[in-house]
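Each chain, written out:
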Amino acid sequence: MDVSTVTWKFAFPESRDDLLVSESGKFSVGKVVPVHNIPSNLDTVRDLVKKRARWSWWSIEYFDTFFSVLLKFSSLDSSVKSIAWQCAVLGMEQHTEALAKLLSSDHIDPQDKLSHLNAMQMGVYILVELYKCFEDEGKSVHQIVTTKKGKGKKKESEDLVWTSCERQEGVQALRQLLDINLAVLFDPPVVHDTFIDQIANCCYKLLENVEVPKCKKTSEYVFHVLGILIKRYNHSLGACMKIVQLLQQHEHLSSPFSALMLVCVRDYDVKSVVSQVIREIAQIEPGELVRDTNATRNYCNFLLEVGSTCGPAVLTAISSLLPHLDGDSYTMRNCVLSILGELISGVLGAENTEDKDTREALFDRLELHIHDQNAFVRSKSIQILTKLVEQRSVPIPRQQELVERVVGSIQDKSSNVRKNALVFITTYLGCNPYSDKLSLDNLKERLKEEGEKLEKLKEELPAEHSETGEASSQESADNALNPSLMDVDTDPETHRKLEAVQKQALIVQYLGDCVLFTEQMHRVIVLVSQLLASKSTSDILESIDFLVSAYEFGLKAAELGVRKMLVLVFNSDQSVKDAVVNAYIRLYIKPASGKKCSVEEVARNLMSMTYNSTLGEQMSLKELVKLLLKREDISPRTVKVLLDILVDKNVPSHELNAAALVLSMVASEDHTLVTQNMTLLVTAGFNGDCQLAKNTCILLQQGVPDRKKSEEEPERLEESHRLVSTLSDKLLSTFDNPTVDWVGLANEAVKTIFCLCEVPDSILRDLVNKLLQRTFPPRQGDLLDNMEEGVNETPNNPLAGLHIYRLLSILGQTALSTLVYLDTCLLDELKRRAGVRAQMEEEKREQRLTGRASDKALNESTVVDAAEEELGLQGATADDAEIEHIRMVLEKEVVTGPGFLASFAPLLSHICSSPQLYPCHRIQNAAVLTLCKFMLVSSSLCEDHIQLLFTLLEKSSDEKTRCNIMILLHDLIIRFPNLLVNWTGKIYARLSDSSSKVRSTTVRVLTNLILNDMVKVKGNISELAGCLEDEDPKIRSLTKLFFAELSRKANAIYNVMADIISHLSDPDTGRSKEQFQRIMKYLFEFIDKDKQAESLVEKLCHRFRATRCDRQWHDLSFCLTLLPYSEKSIKKLADNIACYHDKLADLEVYENFSAILEKARKSVKVEDLLNDLELKLRFCHNKAGGEEGEAPTDEIMSQMKDLLIKAPPPPKAAGKGRGKKKKKASESEEEEEEKHSPVRRAKRPPPRAARKRRQCSEESEDSDDDLELPTVVNSEDDSEEEFEASVRRGGRKKKGGMPPPPPSSNRRNTSTRTRRN
């Protein structure tokens, strides 16, 4: 083809077939080369290209060959395709060089211009089309390769000739072409859009391939090609449209397109394209963003990356995105909020004063969505603010208000929002601009001092400057050290004073802000401490992190939170337990500063944790010490330091007590600490006050090895041991001192004697006799007469009442310790000795049997088996005899019969039944406690005095007495459940007691008993449900905790729901309608199974027939509105319309049923069923109300007639016949029948269960200062969080609990169930 005579123009076709059509003035393909001729033609082209270095007309002369390659691409070999591609790329490069030389000349021949234009466009067309062919082929081959495995996959991958290097060569050739001024070739000198679109579409086609963006060089060349098109060839609008379109379709293009925007802004200074793309995305309808979530996610990812890399360009278009903050797509809202955060931190930093108004406006929009309706948006906004706080991009004037907004989110219903709010508060505390030590008292004192200095400086100013001195601290701070505000004519001395005033004003303002910030953090600590009881693990973990940080910053309120964390060492979640242990290690052993504390500091820190600690905190600290010992964070050197402190006479008493307590916690894990230092502990522990002696007794009790861990026989002390005499002397010497906690010391001393001594009963008998002589001097007459005379002589002897009270207290502890000793320690020792004897006998038998070598093997085996069987029977018989003997001793020889404690039983009964003779509350309380402990020992004594005990529970005027009786009743029910089975109604009655302490104790007791199946739920549970509306918030919280734990038992709340509704809806109970509705809303949250809801619908419908007043109609219909509805539930409601059709005349009832229909339409898809029920309800309402309504159809009339004439049968009760099969619990949701028959128990309860029931009763004791049984787990002194933790731990006690009851001929067998801790 003669290129010099070309008159036609090449036009980019819409399809390849268009080039086969001949038109005047346009180029068309002359001939399609056959497939077998294409390789030879390409070889010719390759040779020509190599020989003619500047051959520019390859695309014209051999266009037919390349076009044939495009048409026959799938039929060609890979080598032929590769040759075609190499020729096209090399030819394009040579033509680009020729064009550059041509366009650099001053004059260009028009014919040459046309020829080169055609050649360039035809070359571009060939190159671009080859790109498309290779990409399409690569996509199809890639799909085949990904579906194949092994060798086939490797072979297919080897056949691919299209590599990243070849892509890169082609794009590089296009970029070189675009670098020259191509507009000169066009007439007019404007590059045609079709030419630009060909190259641009090729680039977009490449980017659609997932593999291309992974190749950094290739993608960079593509970005530069597009950047040149946007910068020089006016492709910005087309690029925006294409980018938005491809983002909608391809997820992987978010990052490449954001990189393209960066190239445009950084390398080509085209910032407008960023704003154009953002505006294009912003114009998408909000509804479309909600429907197409994948596209929305792609848009957001793109915008986020652009916002982080091209902040200034995004800022110009941010106004177009702000309307989406009010849109329905929470994903887009999160995206826009994230962009705002990037702009604030990156573009509008705190040092940027020019755009201050813009920054404030963006902050306002960001803070507004802290309270967004969507939890994800709320979380995102708080996360963004946290990041801004870390980067210190939040202006100080905004910080206090911002913190107040976020603090409100700590109580958000979403756990994720609460978590991020806690993270924000912790981060803000760590990045606060004020101080690293925030002691509120010190800051207030400094503020006062600096304020006084400021006032003095103001007084020294001249009169003409008094207004300047009296300016507010804020104005003074803003104007501080500003020379322009100083009077030029002011003399130097006045000028110096003004500067001093302004500097002092800055200090005052700073301290004032510190005080406000510290007070704010104190309020936050209170809220965060409440989250330690949350069910969400994330809440607990973040709360721990914040409280530890607050404690390190010296916030005094954090000490309470750190103490509340202790109970979490019992948490079932290991992550929470580890977080607590790590927190205390960080605070007391290895501070965050990185410097490990010395052993002396560790010892002092552990001691400080016991100061003013409650019993629950001491139990938690004991568990923490065990965990620290296992992790070896408490070293033996630390224990040695604690021992040195204990023996040091110059140490204050409170430190001695703390050291003794910590040592007792260490000894609970290693009893050798006591056995190896017994003499030292006795010498040092009983030389101080009574509290130290009490703590020393607790320490000595840990000297008994754990029977589970050690099989060695515990060595007991003789009666002549120094410990016995020291304890007796200490008790006798302080018996007359009214200022000490003698009862607490006596209780621990009694426990210590029973734990360590050989003959504890003899020791205690002697001690009690001595105390008895001190209390009642020797006289004629019996003990009762002396008792009355002693009380009557109280005015002359002020210590008489104190002596009686203390004597009664030690008697009770002696009885209880005797019970524990006989039932656990002595029984275990007897079993151990029996086991040793059995082992010795077995060895003798084996020796005798093995000695008969002449016997046959069969006879020998038979003899051995018989001997082993006989031995086993003998062992079981021995165990039974020992257990029976112990039980008989407890029943007849301790508090009854010849026992020395038995002589005090009539005295106790007399005091309790004669309050007019013994009006002293302390004596009455001690007598009641002691009597209850006596009753725990003997069932016959319990049966004789149970009526007296419940009379005192009902009529005693002392609330402490009633509380303690309730606590001891808990232990009595566990010990003798059959004796008290008919008295549970009296216990429930205390839920209406006038004292909030008694009600609270009753809720705690019933919670433990019910959750351990010791008290039946049905019957009186409605009274416990009424406590959900108690006036005391603690009682309401405890009751909610009870129902939350009860709901974990299958069908437990469902089984009692109908009874609760019937009782509480009765007007005679005194519950208002509002109270009833709040109670039901809480309880119905636990009805979450469809079968339960269906059954309750039917039961509640039938209860309409038993109602007496409209109040009950309203309550029942309201309860129906609270249930979740399915198709079956609606059918139940429709089938039972005869039960309530006459009640529909009441407007409130009809409105409740209408609300049920509206609620059901959201979940029930059967519209006919709902419409049918709605028509029936309207018919009954209008007919019963005497109004003319819409006439129902004949079919509905017929159905209504049948329903109203004949009522549906009541729900069938579950069969109880012996021959009927019981349904599985998973298939039946029916109510479980609970009988009032006595609870049966085994004749011989296992000793392990007996040991589990020991601790609570053993610790039910009194003290001089408080008669509230401070060691009972569920007493009023324990905090609500400790009780919740004990309930959530599963309701099972650890080792130590109430022993089993003794035998009795006139009582039933009792239960072997164990009690809660």
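Residues numbered from 1 in each chain as written. Predicted model: local features only at pLDDT ≥ 70, side-chain atom pairs only at ≥ 80, totals over all residues. Heavy atoms only, no water.

A. Seen up close, the nonpolar core. The biggest cluster of nonpolar side chains holds 377 residues, and the ones touching the most others in it are F195, M1080 and Y1140. For this core, the leading source of residues is helix α5 (residues 110-147), giving 13 residues. Y1140 has contacts with C1101, F1104, L1133, F1153, L1173 and L1177, leaving out every residue within four places of it along the chain. One finds L454, L498, V501 and V508 within the second-largest nonpolar core, a separate group that totals six residues. (Core = buried A, V, L, I, M, F, W, Y, C linked by side-chain atoms within 4.5 Å. Buried < 20%, exposed > 50% of the residue type's maximum accessible area, 1.4 Å probe, protein only. Helix = DSSP H or I, 4+ residues; strand = E, 2+ residues; numbered from the N terminus. Contact = heavy atoms within 4.5 Å.)

B. Quick peek at the packing of aromatic side chains. As enumerated under the stated definition, the model contains 26 aromatic pairs in all. Geometrically, the ring pair formed by W85 and Y131 is edge-to-face, given 4.9 Å between the ring centres and 75° between the ring planes. Taken together, the residues W85 in helix α4 (residues 78-103) and Y131 in helix α5 connect sequence positions 46 residues apart. On the accessibility criterion, W85 (1% relative accessible area) is buried. For Y131, a relative accessible area of 1% translates into the label buried. With 5.4 Å between their ring centres and 20° between their planes, Y330 and F376 make a pair best called stacked. Taken as a pair, Y330 in helix α17 (residues 330-347) and F376 in helix α19 (residues 375-390) lie far apart in primary sequence, 46 residues in all. Judged by relative accessible area, which is 35%, Y330 ranks as partly exposed. (Phe/Tyr/Trp six-rings, centres within 6.5 Å; stacked < 30°, edge-to-face > 60°.)

C. Molecular detail of helix α35 (residues 690-701). Helix length check: α35, at twelve residues, gives a terminal C-alpha distance of 17 Å against a target of 16 Å (1.5 Å per residue), a fit within 8%. Contact partners of the buried residues in α35: α31 (636-647), α32 (653-667), α33 (672-675), α34 (678-685), α36 (722-733) and α37 (742-756). (Expected span 1.5 Å × (residues − 1).)

D. Expanded view of α36. An ideal rise of 1.5 Å per residue puts 16 Å on twelve residues; α36 measures up with 16 Å between its terminal C-alpha atoms. Turning to α36, its buried residues number three or more, namely L723, V724, T726, L727, S728, K730, L731 and L732. Contact partners of the buried residues in α36: α34, α35, α37 and α38 (760-775).

E. Fine view of the packing of helix α10 (residues 236-249) against helix α14 (residues 293-309). At a closest axis distance of 7 Å, the pairing of α10 and α14 adopts a crossing angle of 125°. Considering their axes alone, α10 and α14 lie oblique with respect to each other. In this structure, the crossing between α10 and α14 has a hand that is right-handed. On the side of α10, the interface is formed by V244, L247 and Q248, while α14 contributes A295, N298, Y299 and F302. A class-by-class count of the residues in the contact of α10 with α14 yields five nonpolar, two polar and no charged. (Axes fitted to C-alpha atoms, helices over the stretch in contact; angles between N-to-C directions. Parallel < 35°, antiparallel > 145°, perpendicular 65-115°, else oblique. Left-handed = near helix turned anticlockwise from the far one by under 90°. Nonpolar A, V, L, I, M, F, W, Y, C, P; charged D, E, K, R; others polar.)

F. Representation of the packing of helix α42 (residues 905-913) against helix α43 (residues 921-937). Contact pair α42 / α43: the axes reach a minimum separation of 9 Å and the direction vectors enclose 135°. On the basis of their axis angle, the class for α42 and α43 is oblique. The way α42 lies across α43 gives a crossing that is left-handed. The residues of α43 that touch α42, namely those facing A905, L908, I911 and C912, are I923, Q924, A927, V928, T930, L931 and F934. Each residue belonging to the contact of α42 with α43 can be placed in one class, and the counts come to nine nonpolar, two polar and no charged.

G. Region of the structure containing unusual backbone geometry. Backbone geometry places N234, a non-glycine residue, at a positive phi of 55°. In this structure, N234 sits in the loop between α9 (216-232) and α10. Judged by its relative accessible area of 69%, N234 is exposed. Positioned with a positive phi, E632 is a non-glycine residue whose angle comes to about 60°. Within the secondary structure, E632 sits in the loop between α30 (615-630) and α31.

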